[in-house]
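# Notes for the structure review
Below, each chain spelled out in residue letters.
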Amino acid sequence: MAGSTHASPTVDPGKPASSAERAYSPRLEAWRRFRRHRLAVASAVVLAIMIIAIALGPIIWPVPINDIDFSATLQGPSLAHPFGTDDLGQDLLARMLYGGRISLAVGLAAMAVAVSVGVVIGAIAGMSRGWVDAFLMWLTDLFLSLPALPLLLLIIYLFRDRLTATFGPEGGVFILVVVVIGGLRWMPVARLVRAQFLSLREKEFVEAARALGASPFRQVVRHILPNALGPVIVAGTIDVAAAIIAESTLSFLGLGFPPDIPTWGRLLFDAKDHLDIAPHWALFPGAAIFLAVLTINFIGDGLRDALDPRRVL
Amino acid sequence: MPPEVQEALRKKFGLDDPVYLRYFRWLSSMLQGDWGYSFVSRVDVDTLILQRLPTTLIVIGSSQILALLVALPVGIYAATRPYSIFDQIANTLAFIGFSLPTFFTGLLLILVFSIWLDWLPFVYRADIAATGWQFYWEHIKQSIMPVTVLGLFQGASLVRYVRSAVLDVIRLDYVTTARSKGLEERVVILKHVVRNALIPVVTLIALQMPVVFGGAIVTEQIFRVPGIGSLLISSMLANDTPVIMAVTFVFACLVVLFNLIADILYGWLDPRISYR
């Protein structure tokens, strides 16, 4: 039988799971498609290195982030300080490793907020007809036309003091930034989910589930939602990048986290008045933001190719 | 300040009234054109904004023109040769372009062109002491960097939209008809394809305005352009509430205005759509 082609891969039960014929589960197929996007794979590697560095960095590079040393201010990169020092002689590598945690945490949490709000609203709008759908889409359009950055700045200006009084300076700003960035970015997800629901809920397999007596909730969670997830994953990936930019922008304008928390945007804000004597201070955090955002965007592009089964590669 | 004076002041400005009363008082005076005065500079808010609005509109307008000048040719050329080397390079550059945050590109340009090369000034000045051609030249010189930063960021995301819009149209039957009539490829693309492909792009530009205003706030802050974006940031840092409310209100009005323009333009450009 060796060399002959079976009509179905299940004919030969003794075949190992990793052989080429078996590689047609949706997940393996997606992985095969993702690997063909070379930039996306390279980006995934770079991003993984950055995440590992941020997660393990403080163990490997145990320099305190607020260790002031006036004998070594505004130094360029050297062996003692690989990324140089700032105007107080604080080690920039240690500060960037700490700030990266906050930037990535804000990005992921804001994405989670945006995706969950978007999926819930899109699912409700897609399943219900009539005025609920019309109202939710009207709400989505309303939010889409809001100027995000001025509104973000206004909300932070109005509510920062109240929240920091309740949750402490770090927690309060974190909650505020995450909720506001996530709350201003759910609209594309809601539209995508609604569009997918409108076509999926008329498909035969959902009709079969309905005929078998599945409740609307079970139809959504078990049958429709898993099939609508592809574009949501792509949108969610890109949302992480957008949230990182939004948080860095806030910090860069001096309106984000408190000054003693060195997020990447805050490092740039502090560095911008010393550009002439210490360009490294601005270049390293800026490059970190750029790399994180670029790699996440490329991964999103790769996922778009991988998760759309209709796309021919 | 003695407590009785404080009390009298609170009473005079109506600070002890319930929130909805204060809101309606603010709304009615806003509608009557009384926008209050800045706590910091003691200047009326509307004069302050009117002084600064033209600068913002000039910077935003010229950056939009730059974005179009970059995005239209590159997007159209990439769409006529999809998956070619040029298309791939343009696509990668576009990705890099909108992954670079405006505040970082701004700092990079300052570092290269102001500090290392010393070609361009990095602070935008409204009061230039020169006259005649010198005056205009100085203005152009100081606008180059803010306009480039904003324009390239916008252009990078526009390139992808232009490309996909042209790709959608170029497969249609009427384009094949135009080709089979024996028209030149250049005429087919410019007269038949681009005209229809640009309809969604025009509306997209208007709908992108909220993002552009966001970018303008950042660029104005980096280059110290005296527009309403930097006014917003400086009044936030100084707790100057009347100015903050008014500037956000102006931003909101501009966004609504551009949405309206988008809707009207869409109906005018595409006769298949009618509003009834």
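One can find the structure itself at the top, above this paragraph.
Residues numbered from 1 in each chain as written. Chains lettered and ligands numbered in written order. Predicted model: local features only at pLDDT ≥ 70, side-chain atom pairs only at ≥ 80, totals over all residues. Heavy atoms only, no water.

To continue, consider the overall build of chain B. Per the secondary structure count, chain B includes 11 helices and zero strands. Along chain B, from the amino end to the carboxyl end, the secondary structure elements read α-α-α-α-α-α-α-α-α-α-α. For chain B, whose C-alpha radius of gyration is 24 Å, the value lies well above the compact-globule estimate of 19 Å for 276 residues. Oriented by its inertia axes, the alpha-carbon framework of chain B measures out at about 90 × 55 × 35 Å. By the burial criterion, 41% of the 276 residues in chain B qualify as buried. A separation of at least 24 residues holds for 67% of the contacts in chain B among residues at least 6 apart in sequence. Side-chain charges of chain B comprise 21 positive and 19 negative groups, with the mean position of each set lying 8 Å from the other. (Helix = DSSP H or I, 4+ residues; strand = E, 2+ residues; numbered from the N terminus. Rg over C-alpha atoms; globule rule 2.2 N^0.38 Å. Buried < 20%, exposed > 50% of the residue type's maximum accessible area, 1.4 Å probe, protein only. Contact = heavy atoms within 4.5 Å. Lys, Arg positive; Asp, Glu negative; His and termini not counted. Charge placed at Lys NZ, Arg CZ, Asp CG, Glu CD.)

A count of helices and strands for chain A gives 11 helices and zero strands. Ordered by position in the sequence, the α and β elements of chain A form the string α-α-α-α-α-α-α-α-α-α-α. The buried share among the 313 residues of chain A stands at 46%. Of all intrachain contacts in chain A linking residues separated by at least 6 positions in sequence, the fraction that spans at least 24 positions is 68%. Of the accessible surface of chain A, which amounts to about 15700 Å², a share of 67% is contributed by carbon and sulfur atoms. (Areas by Shrake-Rupley, 256 points an atom, 1.4 Å probe, with all protein chains shown as cover.)

Next up on the list: the interface of chain A and chain B. Taken together, the contacts link 34 residues of chain A with 35 residues of chain B. Carbon and sulfur atoms supply 83% of the area that chain A and chain B bury against each other, a total of about 3000 Å² over both sides. When the area that chain A buries against chain B is broken down by residue, the three leading residues are Tyr157(A), Leu275(A) and Phe290(A), summing to 20%. Run the count over chain A and chain B and you get two residue pairs in polar contact (both at pLDDT 80 or more). Of all the elements in the fold, those that place two or more residues in the side of chain A that touches chain B are helix 5 (148-167), helix 9 (216-252) and helix 11 (279-307) of chain A. The leading source of residues in the side of chain A that touches chain B is helix 11 of chain A, at 13 residues. (Buried area = accessible area lost by both parts, 1.4 Å probe. Polar contact = N/O pair within 3.5 Å; in protein donor to acceptor, adjacent residues only side chain to side chain.)

All chains considered together, the criterion is met by eight salt bridges over all chains. Linking Asp301(A) and Arg304(A) is a salt bridge whose minimum nitrogen-to-oxygen distance equals 3.8 Å. Of this pair, Asp301(A) and Arg304(A) both sit in helix 11, three residues apart, roughly one helical turn. We note a salt bridge from Glu185(B) to Arg179(B), for which the minimum N-O separation is 3.0 Å. With relative accessibility at 40%, the residue Glu185(B) sits in the partly exposed group. (Salt bridge = Lys/Arg side-chain N within 4 Å of Asp/Glu carboxyl O.)

Counting buried positions over the 10 residues of helix 10 (residues 228-237) of chain B gives eight, a clear majority of the element. Regarding helix 10 of chain B, the residues found buried are Ile228(B), Gly229(B), Ser230(B), Leu231(B), Leu232(B), Ile233(B), Ser235(B) and Met236(B). Each element contacted by the buried residues of helix 10 of chain B is listed here: helix 5 of chain A together with helix 3 (45-80), helix 9 (209-223) and helix 11 (241-269) of chain B. Phi for Asn239(B), located one or two positions after helix 10 of chain B, is positive at around 55°.

A few words now on the packing of helix 6 (residues 132-170) of chain B against helix 9 of chain B. Residues and elements named next belong to chain B. Close contact between helix 6 and helix 9 brings their axes to 10 Å; oriented N to C, the two are set at 150°. Viewed along their axes, helix 6 and helix 9 adopt a mutual orientation that is roughly antiparallel. As for how helix 6 packs across helix 9, the hand of that crossing is right-handed. Packed against helix 6, whose contacting residues are Met-145, Pro-146, Val-149, Leu-150 and Gln-154, the element helix 9 presents Val-211, Val-212, Gly-215, Ala-216, Thr-219 and Phe-223 at the interface. (Axes fitted to C-alpha atoms, helices over the stretch in contact; angles between N-to-C directions. Parallel < 35°, antiparallel > 145°, perpendicular 65-115°, else oblique. Left-handed = near helix turned anticlockwise from the far one by under 90°.)

Attention now goes to the side chain of Asp240(B). Along the chain, the position of Asp240(B) falls in the loop between helix 10 and helix 11. A relative accessible area of 3% means that Asp240(B) is categorised as buried. Every residue in contact with Asp240(B), bar those within four places of it in the chain, is listed here: Tyr157(A), Ser38(B), Phe39(B), Val40(B) and Ser235(B).

Attention now goes to the environment of Val240(A). Residue and element names in this part refer to chain A. Tracing the backbone through its elements, the reader meets Val-240 in helix 9. Put simply, Val-240 and Leu-104 are 136 residues apart on the chain and 8.1 Å apart in space, counted from C-alpha to C-alpha. With near-sequence residues (within four places) excluded, Val-240 lies in contact with Gly-107, Leu-108, Met-111 and Ile-296.

Moving on, we come to unusual backbone geometry. Most peptide bonds are trans, and most residues other than glycine sit at a negative phi. All names here are of chain B. Despite not being glycine, Arg-224 has its phi angle at roughly 50°, a positive value. By the secondary structure assignment, Arg-224 is in the loop between helix 9 and helix 10. Look at Arg-224 and you get partly exposed, because its relative accessible area is 45%. Of note, Asn-239 is a non-glycine position whose phi angle comes to about 55°, a positive value. Inspection of the secondary structure assignment puts Asn-239 in the loop between helix 10 and helix 11.

This part takes up the nonpolar core. Core analysis: the largest hydrophobic core is formed by 104 residues, its most contacted members being Leu153(A) and Trp264(A). Considering each element in turn, this core owes the most residues, 13 residues, to helix 11 of chain A. Look past the residues within four positions of Leu153(A) in its chain and what remains in contact with it is Leu250(A), Leu253(A), Leu255(A), Ile217(B), Leu232(B), Ile233(B) and Met236(B). Core analysis: the second largest hydrophobic core is formed by 22 residues, Ala79(B), Ala178(B), Ile189(B) and Val193(B) among them. (Core = buried A, V, L, I, M, F, W, Y, C linked by side-chain atoms within 4.5 Å.)

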